[in-house]
Amino acid sequence: MKQSNSIPTVPIYGIPFSNMTMKETVQWLADVIEKRQETHVITANPIMVMAALENTNYMQMMKQADLIVPDGSGVVWAANVGGQPLKERVTGFDLLHELMEIGQKHTYRVYMVGSSPEVIQAAYERLQQQYPGVEFVGCRDGYFGPNEDAEVVAQIAAANPDILFVARGADTQEPWIAKYRHQLNSTVMMGVGGSFDVISGRTKRAPKWVQNLRMEWFYRLVKEPKRFIRMLALPKFAWKVMRDKDKVTKSKD
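Every value quoted in this text rests on a predicted model; they were computed, and no experiment measured them. (Residues numbered from 1 in each chain as written. Predicted model: local features only at pLDDT ≥ 70, side-chain atom pairs only at ≥ 80, totals over all residues. Heavy atoms only, no water.)

Let us look at the pattern of salt bridges. For the coordinates displayed, the defined rule picks out eight salt bridges. We note a salt bridge from Arg140 to Asp141, for which the minimum N-O separation is 3.9 Å. Here Arg140 matches Asp141 in class, with each residue buried. If you follow the salt bridges from partner to partner, you end up with Glu38, Asp66 and Arg181 in one network. (Salt bridge = Lys/Arg side-chain N within 4 Å of Asp/Glu carboxyl O. Buried < 20%, exposed > 50% of the residue type's maximum accessible area, 1.4 Å probe, protein only.)

Printed below as a string of structure tokens:
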């Protein structure tokens with residue numbers, strides 16, 4: 001169910017992207033947590049936009065989220081091309097850390113799900129060390145199938161977290177959150193993709209200068225060639241945006 005809190009948005013192919021700055025986004029989420037309003041946050045990139053355009057169920061799932069932030073630089077670029085600029089890029093990795101910073105002041109309860117057993121444990125321990133004021137109430141790896149969903153959901157619900165971070169890949173994590181959001185007993189539920197890999201030290205984030213050039217996708221491709229097939233969606237997205245300039249930011253029912 002959509003929150004009553006008004007969010008300024010820019011539609012990109014009908015997907016309502018939040019037009020708040022990082023600071024505004026963090027404050028909005030802090031208010032949500034204080035009011036205990038169940039909130040699904042999607043940190044979306046061009047690959048996810050293309051997935052939504054090609055799959056009506058994925059599109060519907062995205063539109064039912066409470067907050068969609070522009071994680072990918074390509075999303076910010078598309079908004080500019082469409083004539084309705086977004087204030088700034090709000091990456092999931094940085095948003096996670098901003099929430100942890102404010103969580104230290106309010107003793108947020110945090111649960112983490114996803115990645116391999118080694119990665120999730122290392123990320124969990126590192127975040128505990130980095131943010132001692134946050135109450136980390138549990139974690140588990142993402143290697144479970146539908147037959148184990150009920151058990152995992154019950155574990156999370158029992159922990160009663162203020163924030164649930166899920167890292168299972170965009171094709172899995174967002175639909176999973178959407179399916180079980182009302183049973184998870186969590187306030188903010190957010191997919192964080194490969195963030196745990198970076199936090200654990202397994203992989204490195206692109207240097208700042210690469211981020212500024214909007215070339216993170218290329219950096220990740222060089223580091224992880226297996227991502228090639230998935231990243232074919234990026235040139236498709238760029239071509240579509242250039243072709244559809246006048247339609248990119250038109251609202252769709």
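Here the narrative resumes.
Turning next to the sheet that holds strand β4 (residues 67-70). If you walk across this open sheet you meet the six strands as β4-β3-β8-β7-β5-β6, and the pairing is parallel. Taken across any chain shown, the strands that pair with only one partner, and hence form the sheet edges, are β4 and β6 (135-140). The average undirected angle you get between the axes of adjacent strands in this sheet is 20°. Where strand β7 (residues 163-167) lies against strand β8 (residues 188-191), four bridges are found, and the strand directions are parallel. Among the inter-strand pairings, Val166 is bridged to a residue of β8, identified as Gly191. (Pairing = 2+ DSSP bridges. Helix = DSSP H or I, 4+ residues; strand = E, 2+ residues; numbered from the N terminus. Axes fitted to C-alpha atoms, helices over the stretch in contact; angles between N-to-C directions.)

The next subject is the nonpolar core. Judged by nonpolar contacts, the single largest core of 38 residues is most densely connected at Leu96, Met100, Val110, Met112, Ile163, Phe165 and Phe196. Going through the elements one at a time, α1 (22-35), β4, α5 (92-106), β5 (109-114), α6 (117-130), β7, β8 and α9 (195-200) are the ones with two or more residues in this core. Broken down by element, the residue count for this core peaks at seven residues, all from α1. The contacts of Phe196, once residues within four sequence positions are left out, are Leu96, Met112, Val113, Gly114, Ser115, Val119, Ile120, Ala123, Phe165 and Ala167. In this structure, Tyr13, Ala44, Val76 and Ala79 belong to the second largest nonpolar core, which totals 25 residues. (Core = buried A, V, L, I, M, F, W, Y, C linked by side-chain atoms within 4.5 Å. Contact = heavy atoms within 4.5 Å.)

The next thing to look at is the confidence of the model for the protein chain. This prediction gives the protein chain a mean pLDDT of 87; 84% of its residues lie at or above 70. The least confident element of the protein chain is helix α11 (residues 216-223), whose mean pLDDT is 49; the most confident is β4, at 98. (pLDDT = per-residue confidence, 0-100.)

Further remarks concern unusual backbone geometry. Its identity as a non-glycine residue notwithstanding, Tyr13 has a phi of 55°, on the positive side. Among the secondary structure elements, Tyr13 is positioned in the loop between β1 (9-12) and β2 (15-18). In the Ramachandran plot, Thr107 falls in the positive-phi region, its phi being about 50° despite a non-glycine side chain. Among the structural elements, Thr107 can be located in the loop between α5 and β5. Its relative accessible area of 43% is what places Thr107 among the partly exposed residues.

All right, on to the packing of α1 against α5 then. At a minimum axis separation of 10 Å, α1 and α5 run at an interaxial angle of 55°. In terms of orientation, α1 lies oblique with respect to α5. α5 is crossed by α1, and the crossing has right-handed handedness. Of the residues in α5, those touching α1 at Met22, Thr25, Val26, Leu29 and Ala30 are Asp94, Leu95, Glu98, Leu99 and Ile102. A class-by-class count of the residues in the contact of α1 with α5 yields seven nonpolar, one polar and two charged. (Parallel < 35°, antiparallel > 145°, perpendicular 65-115°, else oblique. Left-handed = near helix turned anticlockwise from the far one by under 90°. Nonpolar A, V, L, I, M, F, W, Y, C, P; charged D, E, K, R; others polar.)

Moving on, we come to the pairing of strand β3 (residues 39-44). Burial within β3 is extensive, with six of its six residues counted as buried. Burial along β3 is two-sided: the face carrying Thr39, Val41 and Thr43 and the face carrying His40, Ile42 and Ala44 are both buried. In this structure, β3 lies alongside β8, joined through three bridges in parallel fashion. The residue of β8 that forms the bridge with Val41 is Met190. Two strands pair when backbone bridges link them, and β3 and β4 are joined in this way by four bridges, in the parallel orientation. When the bridges of β4 are listed, Thr43 appears paired with Val69.

Right, let's talk about the pairing of β5 for a bit. Counting buried residues along β5, five of its six residues qualify, which places the element largely inside the surrounding structure. Taken together, the five bridges between β5 and β6 define a ladder with parallel strand orientation. Across the sheet, the residue bridging to Arg109 is Glu135, located in β6. Of the crossover connections in this fold, the one passing from β5 over α6 to the parallel β6 is right-handed. In the sheet, β5 pairs with β7 via five bridges, with the strands oriented parallel. Across the sheet, residue Val110 finds its bridge partner in β7, namely Ile163. (Right-handed = clockwise from strand over helix to strand, strands pointing away.)

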